[in-house]
Amino acid sequence: MPATIEKVGLVLCVAGGVGTAELLPVARAFRQAGNHVVALCGARSTAHIILDQEPARRGGRGPLATDDGSGFFHGNVVELMRAWKRESGATPAPRTVIGPIFP
C-alpha cells in the first residue's frame, strides 16, 4: 500500500536494518511536503548500519539503536521508539514503520 504524503506537522519514521533504505524516500517525501521528520533507525551493531550519513545529511536523523549497545541506544528500534515517545511527549501524526514484525 503506498504511503499517503501530505503536510501534517510531525512525522515519525522508524526502520531497522535494510528497512532503512526503504524508509529514506518516504522520509524525504514527508520533509518535502513541509513536515518535521524524526527518523529512528536501528541495526544489530554500528558495523551493520547502512546509509549512515544519508538521514543526517537530510536533517532527519534521530538517535540510533543497536542491539549490542554499540550505538547511541542499547536495544532494538522499537524500544528506541518507545523511549523517544516517553522522553519527547510528542504525538506524531502519521507513523511510518518498515521492518520485521515483532511478536
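As shown above, the structure is provided for reference.
Remember, predicted model here, so these are calculated numbers, not experimental data.

*Asks:* Looking at this structure, how should I read the overall build of the protein?
*Replies:* When helices and strands are counted, the protein shows three helices and five strands. When the elements of the protein are put in sequence order from the N terminus, they spell out β-α-β-α-β-β-α-β. When burial is assessed residue by residue, the protein has 41% of its 103 residues classed as buried. With the model as given, the accessible surface of the protein reaches about 6,000 Å², and the carbon-plus-sulfur share is 57%.

*Asks:* Hey, could you run me through the state of the cysteines in this one?
*Replies:* Here is the idea: a disulfide is a covalent bond, and it sits between the sulfur atoms of two cysteines. One pass over the structure, following the stated rule, counts zero disulfides. This cysteine, Cys-13, is not joined by any disulfide, and Cys-41 carries the nearest cysteine sulfur, 8.7 Å off. With a relative accessible area of 0%, Cys-13 lands in the buried category.

Procedures and definitions
- Residues numbered from 1 in each chain as written.
- Predicted model: local features only at pLDDT ≥ 70, side-chain atom pairs only at ≥ 80, totals over all residues.
- Heavy atoms only, no water.
- Helix = DSSP H or I, 4+ residues; strand = E, 2+ residues; numbered from the N terminus.
- Buried < 20%, exposed > 50% of the residue type's maximum accessible area, 1.4 Å probe, protein only.
- Areas by Shrake-Rupley, 256 points an atom, 1.4 Å probe, with all protein chains shown as cover.
- Disulfide = S-S within 2.5 Å.

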